[in-house]
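# Observations on chain architecture
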Amino acid sequence: LDDFLRLGEHEILTHAGSISHAEAISKAEEEYQKYREKIKNELSLVEKHFLDSIDSSISLIEGKGKEK
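One structure accompanies this document, and this report is about it. Counting restarts for each chain, with residues numbered from 1 along the sequence as it is written. Given that this is a predicted model, residues contribute local features only at a pLDDT of at least 70 and side-chain atom pairs are listed and counted only at 80 or more, while totals for whole chains, interfaces and linings are drawn from all residues. Values shown for side chains rest on all heavy atoms present in the structure; no hydrogens or waters enter the calculation.

As a further point, take the overall build of the protein. For the purposes of this entry, the term helix denotes a DSSP run of H or I that reaches at least four residues, the term strand denotes a run of E that reaches at least two, and both are numbered from the N terminus. Counting its secondary structure elements, the protein contains three helices and zero strands. Reading the protein from its N terminus to its C terminus gives the helix and strand order α-α-α. Here the globule rule reads 2.2 Å times residues to the power 0.38, and the radius of gyration is calculated from C-alpha atoms. Against the compact-globule benchmark of 11 Å for 68 residues, the protein has a radius of gyration of 26 Å, which places it well outside the compact range. Projecting the C-alpha coordinates of the protein onto the three principal axes gives extents of approximately 80 × 30 × 10 Å. Each residue is placed in one exposure class: buried if its accessible area under a 1.4 Å probe, protein chains only, is under 20% of its type's maximum, exposed if it is over 50%, and partly exposed if it falls in between. Counting every position in the protein, which comprises 68 residues, the buried fraction comes to 0%. Under the convention used here, a 1.4 Å probe and the Shrake-Rupley method define accessible areas, while residue burial counts only the protein chains that appear. If you sum the accessible surface of the protein, you get close to 6,900 Å²; carbon and sulfur atoms cover 57% of it. A distance of 10 Å separates the average location of the 10 positive side-chain charges in the protein from that of its 15 negative side-chain charges. Charge counting follows a simple rule: Lys and Arg are positive, Asp and Glu are negative, and His as well as the terminal groups are ignored. Positions of charges follow a simple convention, taking NZ of Lys, CZ of Arg, CG of Asp or CD of Glu.

Set out below in structure tokens:
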């Protein structure tokens, strides 16, 4: 891995770093809360597909009604 990083001219860490486990967990939780807040009003992919299927069904039903 070190050789691969050197190839890309990336710095190789030779120590454990300066961020504690508790600080890392706190930062991760904080960022996750920001993410959840950002997407809380967005529809999930399943919900979007469900609404699309309803629209398709309505179009089919309306199309059959016009043929009569």
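For E9, which is not glycine, the phi dihedral falls at a positive 60°. With respect to the helices, strands and loops of the structure, E9 is situated in the loop between α1 (2–7) and α2 (21–39). E9 sits in the exposed class, given a relative accessible area of 75%.

Next up on the list: the pattern of salt bridges. We define a salt bridge as a contact between a side-chain nitrogen of Lys or Arg and a carboxyl oxygen of Asp or Glu at a distance within 4 Å. Under the criterion given, the structure shown has five salt bridges. A salt bridge links R6 to D3; the shortest N-O distance between them is 3.2 Å. Of this pair, R6 and D3 both sit in helix α1, three residues apart, roughly one helical turn. Since its relative accessible area comes to 48%, R6 is described here as partly exposed. For D3, a relative accessible area of 58% translates into the label exposed. Residue K34 pairs with E31 through a salt bridge whose shortest N-O separation is 3.2 Å.

On to the packing of aromatic side chains, then. Working definition: an aromatic ring pair is given by the centre-to-centre distance plus the angle between the planes. Any Phe, Tyr or Trp ring, taking Trp's six-membered ring, that has another such ring centre within 6.5 Å forms a pair; planes under 30 degrees apart are called stacked, those over 60 apart edge-to-face, and the others tilted. Tallied over the full model, the rule gives one aromatic pair. Between the aromatic rings of Y32 and Y35, the centroid separation amounts to 6.2 Å while the plane-to-plane angle is 35°, which identifies the pairing as tilted. Taken together, the residues Y32 and Y35, both in helix α2 and three residues apart, mark about one turn of the helix. For Y35, a relative accessible area of 45% corresponds to the partly exposed category.

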